[in-house]
Amino acid sequence: MRGARGRVVAAIAVLAAAVPAAARADDQVGLSADGAWSWFADPRAVYHAGAHHRTYVGYISSAGDVDVASYDHDTGATLAAILSPAFQVDDHANPAVHIRRDGRIVVFWSAHQGSQMYYRVSEQPEDVSAWGATRVVGTNSRGGNGYTYPNPVSLSGEGGRLYLFWRGGNWQPTFSTSDDDGDHWSPARTLVDFPGQRPYVKYAGDGASKIGFAFTEGNPGSYDTSIYYAEYRDGQVFKADGTKIADASALPIAPSQADKVYDASAGGARAWIWDVAEGTSGPTIVYVTINSASDRRYRYATWTGSAWSDHEITPAGPTFVKHGKSSSNYSAGVVLDHADPSTVYLSRPVADAWEIERWHTGDGGATWTSAPITSGSSADNVRPVVPRNEPAEAMKVLWMSGTYAGYTSYHASLLGMLGPAAPVLPTRTAPAPEPVAAAPAAAPAPTAGRHASAIRITVSRRIVTGRQRVRVSGVLSDRASGARVRWAQLVLLARDGRHRHWRRTASSRTDRRGRLVLSRRITRRTDFKLLYAGDAARAGSSSRVQRVYFERLPSRTGPSD
């Protein structure tokens, strides 16, 4: 136990150096310089208000470390820990986060079709710095396909009973329950059964008495997948209109017993589920239809009280995956704001990168307004996540920013936008795939504890092989006025894969347009950032970290999704 605790504390010191500790320009904050996730293990992020006001985020690093970080909304401090080092380089292994009734944090994870479902509990409430021993759930459905995708959901109306869902040994949605916050688990049971396929499920509890689940019959790469919905409450499973499907004791159910929200045969395209949330009139679902390799559509379905209303949000573009056939059905992502399901966050191609946008509907999805969260990016911004239980003033959305070559080759940082800085939405009617330029909002005047300068950094490429040079460019601007800062001294800092500390590698002045270009040769993975070395008002301002990977892309893929 003491050895395990020492490894975790040492990991915090390593990650803390890589994670920005305070909000960036445009109300962005960095959670990790190295992290990724799939979209079927949730919650990936949870807000909790106790003695502190913190958001807890789970992710998997490019080295396969199972990580968890906390962001303190009162201090701006970020703290991170490795729960299982070098576990598996596969984004299917990303962990899910649960907050116990006593405020302690529980993190669940498994390998992709792993032999065990693991979890650890923090030693103190609201504190990621020290963790108890690794434990296993120890129950699964029969079959040789192991565990994948943990999803913990608790219900206060059942005495705080904790439901843990995952894809089980029989490749079907499986669950177990615990009445003591995870100390003991009931025998595993199958929730949905569709033999010969592997249903994909998203879960959402109302925190009190209901768990909604939206799902497909299988993977769209191997089946003509439709979208279904059912919900559990009071020991029974129902359709959205309250029609009883079965007692919980009679599980599993078949997809044909649930609501068919989208029919692949009638719609002419296969679908993949992305999120489900509980709205004021009932459940809301977002999903993707895969019309062709280059044509996908984000869609929004909501229960009106008597029927499902289904509308297109916007075209989703092709896959964002740079390489890797096994990930060719991946879209960049769409999720619901669970506090307000009339708002969604999505990623789609704009100009030369994938950007995160906020979309809102006031009429059940018939028409939409939208505004950018990211724009003009040098890296792809994908797989947005809205933390559960987030108040308006906390973290509104998180996302991956970087390069994604497949689920076993990903190199991204995790970024977030702090509230209440959600942009004012310009009027726009869907479907409208063309990007709309929005005038940038005026930046607030500098305040104590916030740097007066904003530095943007880009690199010429993200992955290199051999002894290649990388061009690093930057722009320095005044945060208050937005004006470029000319003839200012910037320092280029670098940190390669062998060292945890930053070192100064070059220094130069911006030109008359506030720009700077430097060239560096690298022989291993390297992180770059620019630091302003000017007057006291701007001293300490630095850019976001840009990572360049030194590798050859893998020629083989891992197990199927």
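Preceding this section is the structure that the text describes.
The paragraphs below set out a description of the structure included in this document. (Residues numbered from 1 in each chain as written. Predicted model: local features only at pLDDT ≥ 70, side-chain atom pairs only at ≥ 80, totals over all residues. Heavy atoms only, no water.)

1. So, the nonpolar core
Counting 78 residues, the largest nonpolar core has I285, I313, V334 and V344 as its most contacted members. Take this core: its biggest share by element is 6 residues, from strand β20 (residues 270–278). Those residues in contact with V334, other than ones at most four positions away along the chain, are W274, D275, V286, Y287, V288, Y298, I313, V344, Y345 and L346. Grouped together as the second largest cluster of nonpolar side chains are 22 residues, F215, V237, A246 and A248 included. (Core = buried A, V, L, I, M, F, W, Y, C linked by side-chain atoms within 4.5 Å. Buried < 20%, exposed > 50% of the residue type's maximum accessible area, 1.4 Å probe, protein only. Helix = DSSP H or I, 4+ residues; strand = E, 2+ residues; numbered from the N terminus. Contact = heavy atoms within 4.5 Å.)

2. Observations concerning the packing of aromatic side chains
The full count for this structure, using the stated rule, is 32 aromatic pairs. Relative to W109, the ring of F87 lies with its centre 6.4 Å away and its plane at 90 degrees, an arrangement referred to as edge-to-face. Of the two residues, F87 sits in the loop between β5 (78–84) and β6 (96–99) while W109 sits in strand β7 (residues 105–109), which places them 22 residues apart along the sequence. Its relative accessible area of 1% is what places W109 among the buried residues. Judged by centre distance (5.5 Å) and plane angle (50 degrees), the ring pair of Y163 and Y232 falls under tilted. Note that Y163 is positioned in strand β11 (residues 161–167) and Y232 in strand β16 (residues 227–233), a separation of 69 residues in sequence. (Phe/Tyr/Trp six-rings, centres within 6.5 Å; stacked < 30°, edge-to-face > 60°.)

3. Observations concerning the sheet that holds strand β26 (residues 353–360)
Ordered by their spatial adjacency, 4 strands build an open sheet running β24-β25-β26-β27, and the pairing between neighbours is antiparallel. Edge positions in the sheet fall to β24 (334–336) and β27 (369–372), since each of these pairs with one other strand and no more. Sheet twist, expressed as the average angle between the axes of neighbouring strands with direction ignored, equals 25 degrees. Across 8 bridges, the pairing between strand β25 (residues 343–350) and β26 is antiparallel. (Pairing = 2+ DSSP bridges. Axes fitted to C-alpha atoms, helices over the stretch in contact; angles between N-to-C directions.)

4. Structural notes on the pattern of salt bridges
The final tally for this structure, using the stated rule, is 22 salt bridges. In this structure, the salt-bridge partner of R297 is D295, at a minimum N-O distance of 2.7 Å. With a relative accessible area of 24%, R297 lands in the partly exposed category. For E312, the salt bridge identified is with R297, shortest N-O distance 3.2 Å. Here the residue E312 occupies a position in strand β23 (residues 308–315), and R297 occupies one in strand β22 (residues 295–303), the gap between them amounting to 15 residues. For E312, a relative accessible area of 18% gives the class buried. In this structure, a network of salt bridges that share partners links the residues K210, E231, R233 and E278. (Salt bridge = Lys/Arg side-chain N within 4 Å of Asp/Glu carboxyl O.)

5. Examining the sheet that holds strand β3 (residues 53–60)
By definition, the strands of a sheet pair up through backbone hydrogen bonds, in either a parallel or an antiparallel sense. Spatially, β2-β3-β4-β5 is the arrangement adopted by the 4 strands of the open sheet, whose pairing is antiparallel. Each of the sheet's edge strands pairs with one partner strand only, and the pair in question is β2 (45–49) and β5. Going across the sheet, the axis of each strand differs from the next one's by a mean of 20 degrees, ignoring polarity. Note: β3 against strand β4 (residues 66–72), 7 bridges, orientation antiparallel. Of the residues in β4, the one forming a bridge with V57 is A69.

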